[in-house]
Amino acid sequence: MAEEKSPAPPSVGPPKTFTGVKRERKTRRSILLMDKASKWIITIGGLGTILSVLGVAVFLMYVVLPLFLPAKVDDLHAVDEMSDELVHIALDEYQLLTWTLDRDGQIVVTRLDSGEARWTHQLFEPGEMLSSSFLVSSDVAAFGLADGSVQLMDIGFSTQILDAPDLDPAVLSKLEAGDPLVNMGNGVIEPTPAGQFRFQELQVEDGPRSRVSEGPVEKVDHVVSASGPFVLALVRGGEPGPELDADAEAADGANAAAEGETDPGSELTATSAEASEPAAGAQVAAVQADPLRLLALSWEEETNFLTGESSLSLLDPAPLPFDAETAPDFMEVSGAGVEAYLVWKDGHMVRLYIRDLSEPLVAERGSLLAPGSERELRFFEPILGGTTFLWGDSAGDINGGFTVRTEDAVEEVRSLYDLEQTGADPRTFARTKELASESAAATASSPSARSRMALAGFADGHIELYNVTNASRLLYTSLPDKEPVVRLLMAPKEDGILVATTKNLWHGRLDPRYPEASVAAFFKPVWYEGYAEPRHIWQSSSATDDFEMKLGLMPLVFGTLKATFYSMLFGVPLALLAELFTSEFLHPRAKNVIKPAIELMASLPSVVLGFLAALVFAPYIEKVVPGTLSLIVTLPVTLLLGAYLWQLLPGEKAIRWQNWRFLFMALLIPVGVLMAGAVGPLVEKWLFAGDIKGWLAWVPGGDEQFANPIGGWMLLFIPISAFTIAMVNGRYAGPFMRGRGSQWDRRQYATVDLVKFFAALASTVLLALALSALMASLGFDPRGSYVDTYVQRNAMIVGFVMGFAIIPIIYTISEDALSTVPEHLRSASLGAGATPWQTATRIIIPTAMSGLFSAMMVGLGRAVGETMIVLMAAGNTPVMEWNIFEGFRTLSANIAVELPEAVRGDTHYRTLFLAALVLFMMTFVVNTIAEGIRQRFRKRAYQL
């Protein structure tokens, strides 16, 4: 009998696992510490991410907020007593001195800090100056005189930077003693931060004086252009006689003014003076009985080639049409010198078109005030640029307007009542701005010399500051004396105001902040000069000083949405279908190769994609536009046709060649491309009259061969018809074939399925053609909407290239979402008899919908923030058109282009930060909404 073995003694210690490693029931302290450390690191990292995002938002708001702060005036104080006999007031750019001109022709220069009169100069004898004209952007002034002469002068402040040795010892000692402003000569001097001294004084230089009439010059207005001064003069009486030499008379008049003498023998001087002798009075009455004439005066600059000195010589005065019996109360010439405006207090206006002085014409007549209105105009004058004019009336309304093309102007925007047009000028005057309404009577206005701001004064002593471009009020303040405003002025640097009432001269420090900025300017249509209606426009810079800044952000927002739409339209279907095929149908070995290859596409730099789009794809596609459009149809049709042909294979061969099906489908891609190249010219011939670019650029009244709009409608209705036919097939043809399919063998079913495909293809084309013909018969043309003129760098190129940029992101996240679907759901569906396609569409996709939606949102964020691709391939034109063949400008690309050139802290600079804030808010809102939708999908997925 064999010896029995004794049982093994029980093991001591913790039991071993199947791996042979002892399991400890108590967690080691190091693991606990690492767990706590990881928890804190993740928590701090998450909070840091949230704080970083909030910090970005707070910083953007900090930079943007000053754009919306109102203007303000500080240190408003009375400088001197004043009367209502002022003709003009002016201020130097450093706000040290001001000069005034009264009706008697006397100039007084005054210190602003103390009100001390520094210099008095008799510019003309009392009664000699009848009219005057001053410009905000030039020191050249024009005067109409009683003797029938027009005098040009240069009156302005001059600035000199001096060193200590250049100064008088007495002046230098006062400055060194700490006096901030010291009298010197006819001006003042002050120290500068650089240790030098700034001397400021008024200089008056006589220009040419030319006699143009026997009677007085009652009104003048002028502009200064590159070709020289241009003066509009309203004179009384005929032309001066040949016995009078204009140059000699100008010299005599200048000498007499300098010596304080007058010529008692001059009949013209006597007529203008307030003479008490009966002979002089009769002479005045005789001159006033003479008819009024309107003259255009131009001076030509001549240079002495020996001395290099230049002089101005008057060309022959050009008479302009004028048939009124009374002189207009306001007379203005446009900045370009092509239009003249004659306006009376009752609102009547005559606009003259004077581009060709040999054939001037009355362009239109009308009234700025409604017929029967008891109002009176108080001022009518241009702002910077001389194109837009402001007018105010006794009821306190202030409006602005400019000329627009008559064919574009609708009746509601025409500002002239009782309008009469000649038809020779293709423009009409339109009221485009409403600045003030139903306030105290408007009494005076003054434009800025730098921007499109304007000051307005009222009879109750308050003043307002406007930005004329966006019609916004920037400032409202009242003067302490509550007296009616007579004259007012904005400092040359827009940092001060000077206001003359009937009693006092007031000066204050102005801070306009950011006058071009407002909610309306950024997000609402603004009526800019030269446009027939309010529009959204972005144009932040120009070559001229009188540029009207256009800061509409809507074209940039629109461009961002357009880029996102076309890139998502191209990229999302490809990415989602690719990941669905990879996850559910592709062999695992092929998946291990293809998935990393697609993910590797994400490593391509955006600048490389943009370079390829702009310099490779765009020029090539421009040559084969019809083929490119045909490819959108031929490629999917070829792939579908290959799938239906595969079904015709016998069952054994189909199973045997299953591993080669993907290769077979891949070989069909070049077939589809070649088919597009062959079909493209035929499509262009049949649908676009043989020239698709000519068809796209056609306008009504053009070549009739391009008038048929069916081709454009076909581009829209082909995908819509395909989707409709697919829905019909799925609802009716599919169930019918499934009901009869049990009676057919494999080949019969595949044959019927192939016939159904060709029938669906033909139905799609016929339905699209029928819908296109219907739209064409109703008179609708798609040109000007989603299709229009072809531009080489356009939305189609950007959508194609940026679509490839977002495909790897959407593909990777979507594939991971599908891979996380529990395997038992997939197995249960297949075990119940569902096909892989039915399992994918009805089980897998609904379960993974939250992940798929997250993938699309991540791709959307990538498309919204893309910069380099749209910068290089989109043409960078800020237009608001859905035309797929035209470019656009996005918020991100605009920031990248303009921020390096923006002046730090100015309106343009802060507006670019506002664009960044808008982009931030867009993505924030979209992602918030997307997260809510994702959570709903996730909740539904958990219920499966």
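Each chain has its residues counted from 1, following the order in which its sequence is written. Thresholds applied to this predicted model are a pLDDT of at least 70 for local features of residues and 80 or more for the giving and counting of side-chain atom pairs; totals over whole chains, interfaces and linings are not thresholded and use all residues. Side-chain descriptors were evaluated using all non-hydrogen atoms of the structure, hydrogens and water having been removed beforehand.

Caption draft 1: View of the overall build of the chain. Secondary structure elements follow DSSP: runs of H or I of four or more residues count as helices, runs of E of two or more count as strands, with numbering from the N terminus. Scanning the chain from N- to C-terminus turns up 22 helices and 34 strands. Here the globule rule is a power law, 2.2 Å times the number of residues to the power 0.38, and the radius of gyration is based on C-alpha atoms. A globule of 944 residues ought to have a C-alpha radius of gyration of about 30 Å, yet the chain, at 41 Å, is considerably larger. Its C-alpha atoms give the chain principal-axis dimensions of about 165 × 80 × 60 Å. Counting only residues that meet the buried cut, the chain has 44% of its 944 residues in that class. We call two residues contacting when some pair of their heavy atoms lies within 4.5 Å. Long-range contacts, defined here as pairs at least 24 residues apart, represent 64% of the contacts in the chain between residues at least 6 apart. For each residue, the accessible area found with a 1.4 Å probe, counting protein chains only, is set against the maximum for its type, and the residue is called buried under 20%, exposed over 50%, and partly exposed in between.

Caption draft 2: Local environment of the nonpolar core. Formed by 86 residues in total, the largest nonpolar core has its most connected members in Leu553, Val870, Leu891 and Leu914. At 12 residues, helix H16 (residues 795-819) tops the list of elements feeding residues into this core. Every residue in contact with leucine 914, bar those within four places of it in the chain, is listed here: Val64, Leu67, Phe68, Phe522 and Leu553. Counting 21 residues, the second largest nonpolar core, distinct from the first, contains Val87, Leu97, Trp119 and Leu123. Take the buried residues of types Ala, Val, Leu, Ile, Met, Phe, Trp, Tyr and Cys, join any two whose side-chain atoms come within 4.5 Å, and each joined set is a nonpolar core.

Caption draft 3: How the structure looks around the sheet that holds strand E21 (residues 377-382). Between any two strands, at least two bridges found by DSSP are needed for them to pair. With respect to topology, four strands assemble into an open sheet ordered E21-E22-E23-E25, the strand pairing being antiparallel. If you trace the sheet from one side to the other, it starts and ends with E21 and strand E25 (427-436), each paired once. The sheet shows a mean angle of 25° between the axes of neighbouring strands, taken without regard to direction. The pairing of E21 with strand E22 (residues 389-393) spans five bridges and is antiparallel. Looking across to E22, one finds that leucine 377 is bridged to aspartate 393. Each axis is a line fitted through C-alpha atoms, taken for helices only over the stretch in contact, and angles between the N-to-C directions span 0 to 180 degrees.

Caption draft 4: Spatial organisation of the sheet that holds strand E9 (residues 182-184). As summarised here, the arrangement of the six strands in space is E6-E7-E8-E11-E10-E9, forming an open sheet in which the pairing is antiparallel. Taken across any chain shown, the strands that pair with only one partner, and hence form the sheet edges, are strand E6 (129-133) and E9. On average, adjacent strands in this sheet sit at an angle of 30° to one another, irrespective of strand direction. Two elements, strand E10 (residues 187-191) and strand E11 (residues 197-211), share four bridges in a ladder whose sense is antiparallel. Counted as the bridge partner of isoleucine 189 is phenylalanine 199 from E11. Along the sheet, helix H2 (residues 169-176) contacts E9, E10 and E11; its crossing angle with E9, the most-contacted strand, is approximately 165°.

Caption draft 5: Spotlight on the packing of H16 against helix H19 (residues 849-865). Two elements in contact, H16 and H19, have axes whose closest approach is 8 Å; the angle formed by their N-to-C orientations is 160°. When the interaxial angle is binned, H16 and H19 end up roughly antiparallel. Pair H16 / H19 crosses with right-handed handedness. Contact residues: H16 offers Met802, Ala805, Ile806, Ile809, Ile810, Ile813, Ser814, Ala817 and Leu818, while H19 offers Gly851, Leu852, Ala855, Val858, Gly859, Arg862 and Ala863. Class assignment for the residues of the contact of H16 with H19 results in 12 nonpolar, three polar and one charged. In what follows, roughly perpendicular refers to angles from 65 to 115 degrees, roughly parallel to angles under 35, roughly antiparallel to angles over 145, and oblique to any angle outside these ranges. Take the far helix as your reference; a near helix turned counterclockwise from it by less than a right angle gives a left-handed crossing, and one turned clockwise gives a right-handed crossing. Lys, Arg, Asp and Glu make up the charged group, whereas Ala, Val, Leu, Ile, Met, Phe, Trp, Tyr, Cys and Pro make up the nonpolar group; the residues left over, Gly among them, are polar.

Caption draft 6: Main features of the pairing of strand E20 (residues 361-367). Burial of E20 is extensive: five of the seven residues sit out of reach of the surface. As judged from the six bridges shared by strand E19 (residues 348-353) and E20, these two strands associate in the antiparallel manner. Across the sheet, the residue bridging to histidine 348 is serine 367, located in E20. Where E20 meets strand E24 (residues 417-421), three bridges bridge the pair, whose relative direction is antiparallel.

Caption draft 7: Region of the structure containing the environment of glutamate 128. Within the secondary structure, glutamate 128 sits in the loop between strand E5 (117-122) and E6. Owing to a relative accessible area of 16%, glutamate 128 belongs among the buried residues under this scheme.

Caption draft 8: Looking closely at a nonpolar patch on the surface. Excluding any residue in a salt bridge, patches collect residues exceeding 30% relative accessible area, merging like charges within 9 Å and nonpolar Val, Leu, Ile, Met, Phe, Trp and Tyr side chains within 5 Å. For the area figures, the Shrake-Rupley method with a 1.4 Å probe applies, and any residue is considered shielded solely by the protein chains shown. Just to be clear on terms, a salt bridge is a Lys or Arg side-chain nitrogen sitting within 4 Å of an Asp or Glu carboxyl oxygen. A surface patch of nonpolar side chains, about 460 Å² in accessible area, is lined by Val607, Val608, Phe611, Leu612, Leu615 and Val616. By relative accessible area, which is 42% here, phenylalanine 611 ends up partly exposed.

Caption draft 9: Spatial organisation of helix H14 (residues 710-740). Helices are assigned an expected span. That span is 1.5 Å times one less than the residue count. For H14, which comprises 31 residues, the first-to-last C-alpha distance of 39 Å sits more than 12% below the rise-based estimate of 45 Å (1.5 Å per residue). The principal kink in H14, of about 40°, is found at asparagine 729. If you follow the buried residues of H14, they end up packed against helix H12 (661-687), helix H13 (692-696) and helix H15 (746-777). Bend at a residue means the angle formed by two fitted axes: the first through the 7 residues ending at that position, the second through the 7 residues beginning there.

Caption draft 10: Structural view of unusual backbone geometry. Backbone geometry places alanine 689, a non-glycine residue, at a positive phi of 55°. Given the relative accessible area of 30%, alanine 689 is considered partly exposed. Look at asparagine 876: it is not a glycine, yet its phi comes out positive at around 60°. What makes asparagine 876 buried here is its relative accessible area of 15%.

Caption draft 11: Representation of a negative patch on the surface in the model. Neither His nor the chain ends contribute to the count of charged residues, in which Lys and Arg are positive and Asp and Glu negative. Working definition for charges: the position is that of NZ of Lys, CZ of Arg, CG of Asp or CD of Glu. Judged by side-chain charge, Asp139, Asp154, Glu205 and Asp206 come together as a negatively charged surface patch. Secondary-structure assignment places glutamate 205 in strand E11.

Caption draft 12: Up close: the packing of aromatic side chains. Stacked, edge-to-face and tilted are the three classes for Phe, Tyr and Trp ring pairs, Trp counted by its six-membered ring, which pair at centre distances within 6.5 Å; planes under 30 degrees apart are stacked, over 60 edge-to-face, the rest tilted. Within the structure shown, the criterion is met by 32 aromatic pairs. Ring geometry for phenylalanine 59 against phenylalanine 913: centres 5.9 Å apart, planes inclined by 75°, an arrangement best described as edge-to-face. Remark: phenylalanine 913 occurs in helix H22 (residues 907-942) and phenylalanine 59 occurs in helix H1 (residues 29-64); sequence separation between them is 854 residues. In this structure phenylalanine 59 comes out as partly exposed when scored by relative accessible area, which is 45%. Among the residues examined, phenylalanine 913 registers a relative accessible area of 13% and is labelled buried. Taking 6.2 Å as the distance between ring centres and 20° as the angle between the ring planes, the aromatic pair formed by phenylalanine 581 and phenylalanine 585 counts as stacked.

Caption draft 13: The side chain of glutamate 201, seen in detail. Note on placement: glutamate 201 falls in strand E11. The buried charged residue glutamate 201 lacks any salt bridge partner; its closest oppositely charged side chain belongs to arginine 118, at an N-O distance of 8.1 Å. When residues no more than four places from it in sequence are discounted, the contact partners of glutamate 201 are Leu97, Gly156, Phe157, Ser158, Gln160, Asn186 and Gly187.

Caption draft 14: Seen up close, the pattern of salt bridges. For the coordinates displayed, the defined rule picks out 27 salt bridges. Measuring nitrogen to oxygen at the nearest pair gives 2.8 Å for the salt bridge that ties glutamate 339 to arginine 351. One end of the pair, glutamate 339, is in strand E18 (residues 339-343); the other, arginine 351, is in strand E19, and 12 residues separate them in sequence. Judged by relative accessible area, glutamate 339 falls into the buried class, the value being 4%. A salt bridge links lysine 756 to aspartate 753, with the shortest nitrogen-to-oxygen separation between them at 3.3 Å. Highlighted residues: lysine 756 and aspartate 753, both in helix H15, separated by three residues, approximately one helical turn. Residues joined in a network through salt bridges with shared partners are Lys591, Lys595, Glu599, Glu815 and Asp816.

Caption draft 15: Examining the pairing of strand E23 (residues 398-405) more closely. Most of E23 sits out of view: seven of its eight residues are buried. Relative to E23, E22 runs antiparallel, the two being bridged by four bridges. Paired with leucine 390 across the strands is glycine 400, a residue of E23. Counting the residues between successive antiparallel strands, the hairpin from E22 to E23 contains four residues, one of them, glycine 396, with a positive phi of roughly 95°. Summarising the sheet, E23 and E25 pair through eight bridges and their orientation is antiparallel. Residue glycine 400 lies in a different strand from E25, and its bridge partner there is lysine 433.

Caption draft 16: Main features of the packing of helix H9 (residues 606-623) against H16. Across the interface, H9 lies against H16 with an axial gap of 10 Å and an inter-helix angle of 140°. Judged on the interaxial angle alone, H16 and H9 are oblique. The element H9 and its partner H16 pack so that their crossing is right-handed. Contacts from Leu609, Ala613, Phe617, Ala618 and Ile621 of H9 reach H16 at Met796, Ile797, Phe800, Val801 and Ala805. Among the residues making up the contact of H9 with H16, the classes are represented as 10 nonpolar, no polar and no charged.

Caption draft 17: Structural detail: the environment of serine 606. The residue serine 606 is located in helix H9 in this model. By relative accessible area, which is 18% here, serine 606 ends up buried. For the pair formed by serine 606 and serine 827, sequence separation is 221 residues and the distance between their alpha carbons is 42 Å.

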